[in-house]
Every structure is written in structure tokens, then in C-alpha cells.
Amino acid sequence: MNVPDILNEIRLPWIRRVANSLARGAGVRENFQEQLERFFDLMVQAIETGDPAWVDPIIHDWSNAPTQSDLRDGEKNISAVLNRMLMLTFELAREDLTEQNAMELMGAVLPVFTFALEKAARYEMETHVAFISKELSGIQKKLERLDRSKSNFISVAAHELRTPLTLIEGYTSMMREISVNGQSSQLNLLIEGVNSGIWRLRSIVDDMIDVSLIDNNLLSLNFQPVWLNQILGLIRNELKDSIANRRQVLDIHTFPGCDQMLFGDPERLYQAFRNIMSNAIKYTPDGGKITVDGRMLPGFEEVTIADTGIGISAEDQETIFAKFGQLGNASLHSSGKTKFKGGGPGLGLPIAKGIVEAHKGAIWVESDGNDEKSCPGSIFHVLLPLRTEPPNEMIAKLFGAEVKSDQK
Ligand code: ADP
């Protein structure tokens, strides 16, 4: 018997056997039977013409048919179904055909199944890749929405808090005047307490506003000539009491370039370096040392702030620059700005990073890990461009032109 006749003979038993073996439930089987008829007819065409590509369209349809839940669970593998169909064809040929006809049939169908398996593997891979990319982009969109609402919340909360805070500040200053005139030392003490609370609240609200400005690319810099040694000297003065209280040593070296004129926003740079240096005090045990040094690199000035503190683990060295990226248990946070491990809201470093990057600089940290016993220390690096000419912003301000943020 020639191959077309053999195929004709096994058509019906083949469809019945494969349908019964692979499809559960009468409804599914009926539908599947139609599919199998189509497959069988295409297989016959492929064998007759010697071109296995005839089965390509049905393999393409099957591979693209999986539902979302099949894909999510990694189920419904067309390659497995094809393998099973091949096995059932072997079985049928062995049982129903003579040895000679069985050999003829297998020789004819094998190349078609090989082609179909190859195609199925390719299509399935493509479907999976497309599915995973779609899922990933959905997750990405959700994360972006979440981040946007977080940043909107920070911005709204900070602005809402600012107004009552200004009111309280006004009333306490009036109370102070009245009590100073009235000479009540006990009342003065209480008012001092309220004042320091207000000051702390004000600095958190200001930090929240700064973070939302940075998040929305709205941080505008007031470029002027600045000298790093002056900025560092002022910070030393501000932090001298904390350094003394913590019995620490702050060593600010006279490094190459520290007296070089740079163009930058002095207040913002002060804020960035103060955040880094108060962290160095905060995360270094009593009696430790903080060293500020630097060097000139081609086109950049590098400042390093090294401490002998508890250090930062490798996996946290990036997250600490993300807003609210503070580590440890939030309930253990103390309100002290320089108290040992007195965690804050986790805004200091994101602000420092935002300021440095707005200057077209870079910031990163190096540390051999976090260990409160051995104190491996941390070194913060700040890279600032050495501008010999005023940046565009400064020129724009002088001449009243607008400069886009990407020209910073
Ligand atoms: P926080 O308000 O918590 O200090 P920051 O943004 O200033 O927020 O710092 C984020 C986190 O980075 C801190 O909570 C701390 O865990 C870690 N960190 C920052 N500076 C240092 C440092 N010098 N040594 C060790 N850990 C540090």
C-alpha cells in the first residue's frame, strides 16, 4: 500500500484515538476533533508535496492559543501534545498496520512531526516572551503610578503642613516675647521646648518639599561662584557642638582644589555636604573620626567624607539614595539629628543626591559592609564638575532668558 492509502486508512481511527487520549470532556473533545481533522489533512498535504511547511499555520494557531492563565501557570505545552500525538501514531501503526505499512507510515510522518515540534518550540517561546514583556510593562506602569502618587502625597502633605506650622511659629514667638517681658523662667523653658519641636518639624517639612522638587525636576539652582573650603568651614562651625558632644574628631584636610572657584548653588551644596557629614556623625560611635578630603580629577573636583562608623552593606549602598530608603526599624527612630544611629525620615541622602546631580555631579558610597562591632566605616564620594565658566542658568538669570532643565 502506498503512503496516501495508508493515511486514508488510519485517518478516522487516528483522530478518534488522539481525541480520546488527549481531550477530557465531550465538548472539548468535539472541538479538538475538528482541530485534529485539520491537522491530519495538512499532514497529508505535507507528505504528498514533500513540504512539511503545510502544517505551519495550525502549529502557529495552537501555539498562540494558550490563555493568560495557562501562560501564567506555565501549562499547555504544544510540544508535549505533539510528542504525545507522535507516540499515539506509533501505537496505532503497530496495532493496525502490517510491519511494512507501519514502517512506510512512520518514515513519512516523522519529518512532518520534527518540523512541527521545531516550529511549536519557537512559537511557544515567542508567545511566552511576549507575555512576560507585557506583564513586566504592566508591573512597571503600576510601579510608576505608585511612585507618582507617593510623590504627590509628599508634596501635598508638605505644603499642607507648612501653613499651620507658620502659624504656630508666629504664636510661639509672640508667647516668647510676652513671657520674656513677664520674666517667667519656667514658661521660657517650656517655650524653648516647643520651639525645638517646631524647628525639627520645619526641617522635616522642608526636606519633604525638597524631595518633591527633586522628584519633579523642579529644583532650581542659584548658581554663583563658590569655594568648597568655605562651605566645609561653615559646616564645621554648625556641627562643632555635635562633634564635641559625641567626642568625635572632624578632620577637614586642605586638599587640592578646595580653594578653587567653582560655579554652584552655595546653599544647596552646603545642604548636601551637611546631610552627608551629619550622617557621618550619626552613624559613627562616640569617639570616632570623620575625615573630609579631596582631589582634582580631569574636569571634576572629588570630595570624600570618610567615617569610622558602622558602615553600609553592599546591597544597601544604592537604596540609601532612594527616598525613604533609611534602613532599620522606623519605630526605633530618634529625633536627634546627630545622636548615634538616630534614624531620620530617610530624606537626607536623596536630597544630597538630587542636589549633586542637579550640579551635573555624582555621588556614591564605598563601604566594606555594615558591622556595629568592627565598624568598617563608610566613604561618601561627591564629584562636582569644575566649571571655569558660569553655567547657562547663571547667564539666563542675568539676561532674563529661560533655560530648560536639561541644560543644567
Ligand atoms: P536618615 O534620615 O535615615 O539619616 P538619610 O537619607 O540621610 O536618612 O540616610 C539613609 C540611610 O543611610 C540611613 O538611615 C543609614 O542607614 C544609612 N547611612 C547614611 N549615612 C551613613 C553612614 N555614614 N554610615 C552608615 N550608614 C549610613
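Residues numbered from 1 in each chain as written. Predicted model: local features only at pLDDT ≥ 70, side-chain atom pairs only at ≥ 80, totals over all residues. Heavy atoms only, no water.

1. A look at the environment of A80
Link 1 in the chain: In this fold, A80 is placed in helix 5 (residues 78-96).
Link 2 in the chain: Taking the C-alpha atoms as reference points, A80 and L117, separated by 37 residues in sequence, lie 8.9 Å from one another. (Helix = DSSP H or I, 4+ residues; strand = E, 2+ residues; numbered from the N terminus.)

2. Some points on the environment of Q271
Link 1 in the chain: The residue Q271 is located in helix 9 (residues 266-282) in this model.
Link 2 in the chain: Given a relative accessible area of 10%, Q271 falls into the buried group.
Link 3 in the chain: Ignoring sequence-local partners within four residues, the contact set of Q271 consists of D207, D210, I351 and I355.
Link 4 in the chain: Only 2.8 Å separates the side chain of Q271 from the side chain of D210, close enough to count as a polar contact. (Buried < 20%, exposed > 50% of the residue type's maximum accessible area, 1.4 Å probe, protein only. Contact = heavy atoms within 4.5 Å. Polar contact = N/O pair within 3.5 Å; in protein donor to acceptor, adjacent residues only side chain to side chain.)

3. Looking at the site of the ligand
Link 1 in the chain: Near the ligand lie 19 residues; those nearest to it are N279, K282, D307, G346 and L349.
Link 2 in the chain: One of the side-chain nitrogen or oxygen atoms of K282 is found 2.9 Å away from an oxygen atom of the ligand.
Link 3 in the chain: S378 is positioned with one of its side-chain polar atoms (N or O) 3.5 Å from a nitrogen atom of the ligand.
Link 4 in the chain: Here the ligand, which alone exposes 540 Å², has 95% of that area covered by the protein.
Link 5 in the chain: Put simply, the parts of the chain that give the shell around the ligand at least two residues each are helix 9, helix 11 (348-358) and strand 7 (378-385).
Link 6 in the chain: A class-by-class count of the residues in the shell around the ligand yields ten nonpolar, seven polar and two charged. (Near = heavy atom within 4 Å. Areas by Shrake-Rupley, 256 points an atom, 1.4 Å probe, with all protein chains shown as cover. Nonpolar A, V, L, I, M, F, W, Y, C, P; charged D, E, K, R; others polar.)

4. So, the pattern of salt bridges
Link 1 in the chain: Tallied over the full model, the rule gives 15 salt bridges.
Link 2 in the chain: The shortest N-O distance in the salt bridge between D206 and R162 comes to 3.8 Å. Of this pair, D206 sits in helix 7 (residues 185-215) while R162 sits in helix 6 (residues 99-182), and the two are 44 residues apart along the sequence.
Link 3 in the chain: D206 is the salt-bridge partner of R202, the closest N and O atoms lying 4.0 Å from each other. One end of the pair, R202, and the other, D206, are both in helix 7, four residues apart, so they sit about a helical turn from each other.
Link 4 in the chain: The partly exposed category is assigned to D206, whose relative accessible area is 26%. (Salt bridge = Lys/Arg side-chain N within 4 Å of Asp/Glu carboxyl O.)

Fair warning: the whole summary comes from geometry, so function is off the table for now.
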